[in-house]
Amino acid sequence: MTVSAVPSEASSASAAPRGGGVRRSVLRRVAPYLQAGPLALALLVFLLIPILTIVAVSFWDYDSIRIYPDFVLTNYEELLTSPVTWKTYLNTVKFAALTWVITLLIGFTVAYFLAFHVQSTTWQMVLFLVCTIPFWTSNIIRMISWIPFLGRNGLLNSGLISAGLIDQPLEFLLFSDFAVVLAFVHLYALFMVVPIFNSMMRIDRALVEAARDGGASAAQVVWNVILPLAKPGIAIGSIFVVTLVMGDFITVRLMSGGQSASIGLMIANEISLLQYPAAAANAVVLLAVVLIMVVAMLRIVDIRKEL
Amino acid sequence: MTETRTGSPLSAGTTTGVSRRTLLKGTAAAAGVAIGSGAITGFPTIWAQNIKNVTLRQFGTGVSNLNAVADKVKEDLGFTLQMTALDSDAVAQRAVTQPKSYDIADIEYWICKKVFPAGVMQPMDVSKIKNFDKIVPIFVNGKLTPESAVAQGTAPHTVGFVEGKDSIKFAKSATQWMTLIPTIYNADTLGIRPDLVGRPISSWKDLLDPAFKGKASILNIPSIGIMDAAMVCEAMGEVKYGDKGNMTKEEIDKTLKIMTDAKKAGQFRAFWKTFDESVNLMSSGEVIIQSMWSPAVAAVRAKGIQCVYQPLKEGYRAWGGGLGIAKHLSGLELEAAYEYINWYLSGWVGAYLNRQGYYSAVLDTAKEHMSPDEWAFWMEGQPAKTDILSPEGKVMEKAGAVRDGGSFQDRMGRVACWNAVMDEDRYMVRKWNEFVAA
């Protein structure tokens with residue numbers, strides 16, 4: 001039965017391989033595009049078009065009621081010539097830098113502890129999950145809970161006073177740059193821990209042993225072996241932290257008592273006053289600044305190569 | 001339709017309609033409704049039935065977009081009112097950018113100056129508004145009494161009327177076409193913690209008194225904050241304004257220079273933007289003197305913390321809100337909107353708002369819904385004979401208490417300026433942001 005079927009199929013198959021081959025090769029050429037299609041479409045609709053719209057609107061004119069399709073440079077002019085913009089950018093970059101340094105120190109230490117000190121994989125995973133517990137409550141709640149803690153009559157001040165350490169409540173604790181950076185570190189440290197931990201787990205333990213055998217001290221091992229190999233994780237974590245801080249507007253407002261400015265806050269203010277073109281111009285500049293920062297980080301660390 | 005309604009003898013229509021409703025509902029409380037909601041009557045029967053299917057979507061700030069009002073509308077008028085409460089900025093945004101998303105807008109007068117010229121609203125025909133004659137004259141000609149002076153800023157009467165049915169141009173004096181029906185208004189001043197300031201506060205300039213360094217606050221909503229700042233600078237004698245509500249660039253610069261210097265010297269503890277923030281700042285003792293809103297003062301007091309809404313010698317900064325009708329509304333829904341507005345002015349809501357410490361547009365009808373003691377306390381500035389209850393029935397003030405600032409005449413008669421949108425609005429906002437970022 002099968003035997004007799006073969007020749008009859010073979011005769012008709014003489015043409016089929018060619019057709020099938022063409023179809024298959026076409027499919028092979030098209031397949032990657034089909035696979036990339038959904039993502040490309042999503043990026044086009046939800047990222048590219050909105051950004052292009054923002055860019056277009058940033059050149060429009062407006063008054064207190066409406067926006068007018070036009071091509072004016074006033075929005076950029078007003079933005080870039082205003083000392084407030086520069087001050088605000090400086091302030092935002094300051095927050096980003098401080099937060100970056102502190103979260104990096106914390107992130108590296110925590111990741112190092114998890115990856116190299118904790119020996120059992122089970123405990124590594126358990127402790128890693130413990131790190132994510134703060135994420136079970138919302139950002140805003142975690143942020144706001146600092147306010148009664150740090151306040152003039154808050155838990156910390158009343159604790160310090162009753163312990164006899166200070167006579168006057170410490171004013172700088174709340175509604176200050178200190179409070180803003182503290183909240184940022186609290187909110188974003190995990191974004192540093194995770195990628196660094198991830199790249200540390202890929203480090204071949206044999207390298208560490210080899211370094212020890214070669215006579216390297218613990219500090220030398222960290223500096224010369226682990227740090228360079230954890231660079232991709234550090235780069236990814238840094239991108240997370242820096243972009244999050246640069247775009248933030250609610251943390252700065254709440255923790256500084258509205259007395260500090262950030263770019264995000266500036267944009268939010270402009271939107272709330274119906275100054276969409278000005279907000280769009282601001283957003284475009286912010287996007288450019290953040291992209292430059294990210295590109296600079298990627299210049300230092302070639303993530304693709306290191307992964 | 002309009003002719004029949006307005007032309008029909010008011011008294012006859014009212015009695016038949018109310019008795020029909022009273023009969024249908026059989027509620028004892030209908031006596032109050034009967035007086036208050038004369039507005040519901042005069043409908044041909046078909047409409048009175050159809051109207052139950054109508055849903056009106058109203059949005060506005062939290063102060064007056066109360067679910068209690070929506071519930072009462074359902075009970076009295078039969079149709080559904082959906083309430084959305086937003087903050088001032090979101091209200092302005094939504095009013096202009098999504099005009100199809102609402103039927104009735106409860107917006108503030110200074111926002112109206114921006115919103116109405118955008119052409120998203122339709123003026124209301126005064127002849128369809130039954131209690132129009134009884135509306136507090138501030139909203140018609142700007143004067144509480146014939147002798148009183150017109151306050152500076154975006155006074156409601158300056159944006160209260162337009163020139164014609166389809167006009168978006170504000171009229172100089174009252175016309176037949178009204179932009180907003182005033183719903184709620186009040187006179188604002190500084191809130192203080194009398195237990196912590198340690199001395200009597202009598203002037204706006206006390207906000208910048210170095211004695212309160214690091215313990216003062218101001219609100220960070222530019223259009224309102226700038227007016228508070230102007231009251232302060234004027235009280236200090238530093239700046240003389242032509243019109244605080246419409247400053248020149250030079251006046252704006254001078255005002256914000258003074259505020260910026262104070263900020264740099266560490267005068268302010270924080271700036272607040274929402275009601276809750278101001279309450280928290282005050283009740284936690286972070287701030288002991290700040291610009292504040294009267295219900296926020298009440299909220300601090302409700303926590304058992306001393307807080308006073310301090311009348312100041314320079315007078316008050318006032319604000320007001322009103323109901324406007326979206327442009328797209330027509331037919332049955334438009335009629336329902338008029339019914340609603342007439343009902344709004346008929347007393348029940350007025351009493352509700354008065355009991356919260358705000359003021360209602362038509363006082364006569366609100367009075368009928370309040371007890372003589374409540375009226376004496378809230379409106380006449382007399383000591384309360386019994387405990388004063390909030391609309392929800394909680395004790396707000398103990399017997400013997402006197403309202404901050406006294407009677408309606410004392411408070412609204414001493415308004416120095418209204419929240420405003422200036423010609424130099426865009427410049428002012430830029431400068432204000434510089435102040436905040438300084």
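Residues numbered from 1 in each chain as written. Chains lettered and ligands numbered in written order. Predicted model: local features only at pLDDT ≥ 70, side-chain atom pairs only at ≥ 80, totals over all residues. Heavy atoms only, no water.

Student: Would you explain the interface of chain B and chain A in this entry?
Tutor: Buried accessible area, meaning the area lost when the parts come together, often serves as the stated size of an interface. If you look at the interface, chain B gives 33 residues, while chain A gives 30 residues. Taken over both partners, the interface formed by chain B and chain A buries close to 2,900 Å², and the fraction arising from carbon and sulfur atoms is 48%. The three residues of chain B that bury the most area against chain A are B:Lys114, B:Arg269 and B:Arg426, which together make up 25% of that side's buried surface. On the surface where chain B and chain A come into contact, there are four salt bridges. (Contact = heavy atoms within 4.5 Å. Buried area = accessible area lost by both parts, 1.4 Å probe. Salt bridge = Lys/Arg side-chain N within 4 Å of Asp/Glu carboxyl O.)

Student: Explain the pattern of salt bridges here, please?
Tutor: Between side chains of opposite charge, a pair can form as their charged atoms come close. Here the structure, examined in full by the defined rule, presents 23 salt bridges over all chains. Residue B:Arg426 is joined to A:Glu78 by a salt bridge in which the shortest nitrogen-to-oxygen separation is 3.5 Å. Taken together, the positions of B:Arg426 in helix α19 (residues 425-437) and A:Glu78 in helix α3 (residues 74-81) put the pair across two chains. Accessibility expressed as a relative area gives 23% for A:Glu78, which makes it partly exposed. (Helix = DSSP H or I, 4+ residues; strand = E, 2+ residues; numbered from the N terminus. Buried < 20%, exposed > 50% of the residue type's maximum accessible area, 1.4 Å probe, protein only.)

Student: Looking at this structure, I do not really get the sheet that holds strand β8 (residues 177-178) of chain B. What am I missing?
Tutor: Each strand in a sheet pairs with another by means of backbone hydrogen bonds, the pair being arranged parallel or else antiparallel. All names here are of chain B. With antiparallel pairing, three strands are arranged side by side in an open sheet as β5-β8-β7. The open sheet is flanked by β5 (124-125) and β7 (161-162), the only strands paired with a single partner. The sheet contact formed by β7 and β8 spans two bridges and is antiparallel. For Val 162, the partnering residue across the bridge sits in β8 and is Trp 177. (Pairing = 2+ DSSP bridges.)

Student: Could you clarify how one ought to interpret helix α11 (residues 218-229) of chain A in this entry?
Tutor: Because each turn of an α-helix spans 3.6 residues, side chains separated by three or four positions in sequence point in the same direction. Here α11(A) is twelve residues long and its end C-alpha atoms lie 16 Å apart, about the 16 Å a rise of 1.5 Å per residue gives. Elements that come into contact with the buried residues of α11(A) comprise α4 (83-117), α9 (177-201) and α10 (205-213) of chain A. (Expected span 1.5 Å × (residues − 1).)

Student: Any chance you could explain the domain arrangement of chain B here in plain terms?
Tutor: Residues and elements named next belong to chain B. Taken as a whole, chain B is organised into domain 1 (45-186 + 319-372) and domain 2 (189-317 + 390-437). For domain 1 versus domain 2, the distance between C-alpha centres works out to 27 Å. The interface is formed by 26 residues belonging to domain 1 together with 29 residues belonging to domain 2. Taken together, both faces of the contact between domain 1 and domain 2 bury some 2,500 Å²; the carbon and sulfur share is 59%. It is Trp 110, Gln 152 and Tyr 359 in domain 1 that bury the most area against domain 2; as a group they hold 27% of the surface buried on that side. Counting across the domain 1 and domain 2 interface gives one salt bridge. Between Lys 114 and Asp 425 there is a salt bridge, with its nearest N and O atoms 3.6 Å apart. Here domain 1 is connected to domain 2 by 13 residue pairs in polar contact (both at pLDDT 80 or more). When residues of the side of domain 1 that touches domain 2 are traced back to their parent elements, those giving at least two are α7 (109-115), β6 (152-153), β9 (181-188), β15 (316-326) and α15 (348-355). Here the element with the most residues in the side of domain 1 that touches domain 2 is α7; it accounts for three residues. (Domains from an automatic or database assignment. Polar contact = N/O pair within 3.5 Å; in protein donor to acceptor, adjacent residues only side chain to side chain.)

Student: Whenever I open this one, the packing of aromatic side chains confuses me. Can you help?
Tutor: Tallied over the full model, the rule gives 32 aromatic pairs over all chains. Residues A:Phe172 and A:Phe178 carry aromatic rings whose centres are separated by 5.4 Å and whose planes lie at 75° to one another, so their mutual orientation is edge-to-face. The partly exposed category is assigned to A:Phe178, whose relative accessible area is 37%. Both rings, one in B:Phe377 and one in B:Trp378, keep their centres 4.8 Å apart while their planes meet at 80°; by these two values the pair is edge-to-face. By relative accessible area, B:Phe377 is classed as buried at 1%. On the accessibility criterion, B:Trp378 (5% relative accessible area) is buried. The structure contains a cluster of three or more aromatic residues connected by ring pairs, namely A:Phe95, A:Phe135, A:Phe184, A:Tyr188, A:Phe191 and A:Phe240. The lysine or arginine in question, A:Arg142, covers the ring of A:Phe135, its NZ or CZ lying 4.8 Å from the ring centre. Its end group placed over the ring of A:Tyr62, B:Arg426 keeps NZ or CZ at 3.7 Å from the ring centre. (Phe/Tyr/Trp six-rings, centres within 6.5 Å; stacked < 30°, edge-to-face > 60°. Lys NZ or Arg CZ within 6 Å of the ring centre and 35° of its normal.)

Student: Quick question: what am I supposed to make of the pairing of strand β2 (residues 80-86) of chain B here?
Tutor: In the case of a regular strand, side chains alternate between the two sheet surfaces. Residues and elements named next belong to chain B. Note that strand β1 (residues 55-61) and β2 share seven bridges and pair parallel. Within β2, the position partnered with Phe 59 by the bridge is Thr 84. With helix α5 (residues 67-77) bridging β1 and the parallel β2, this β-α-β connection has right-handed handedness. (Right-handed = clockwise from strand over helix to strand, strands pointing away.)

Student: Please explain the environment of A:Phe175 as it appears in this structure.
Tutor: On the secondary structure map, A:Phe175 appears in the loop between α8 (155-162) and α9. Distance in space between the C-alpha atoms of A:Phe175 and A:Arg29 is 59 Å, their sequence separation being 146 residues. Not counting residues up to four positions away in its chain, the partners in contact with A:Phe175 are A:Leu254, A:Met255, A:Ser256, A:Gly257, B:Arg269, B:Ala270, B:Leu281 and B:Glu286.

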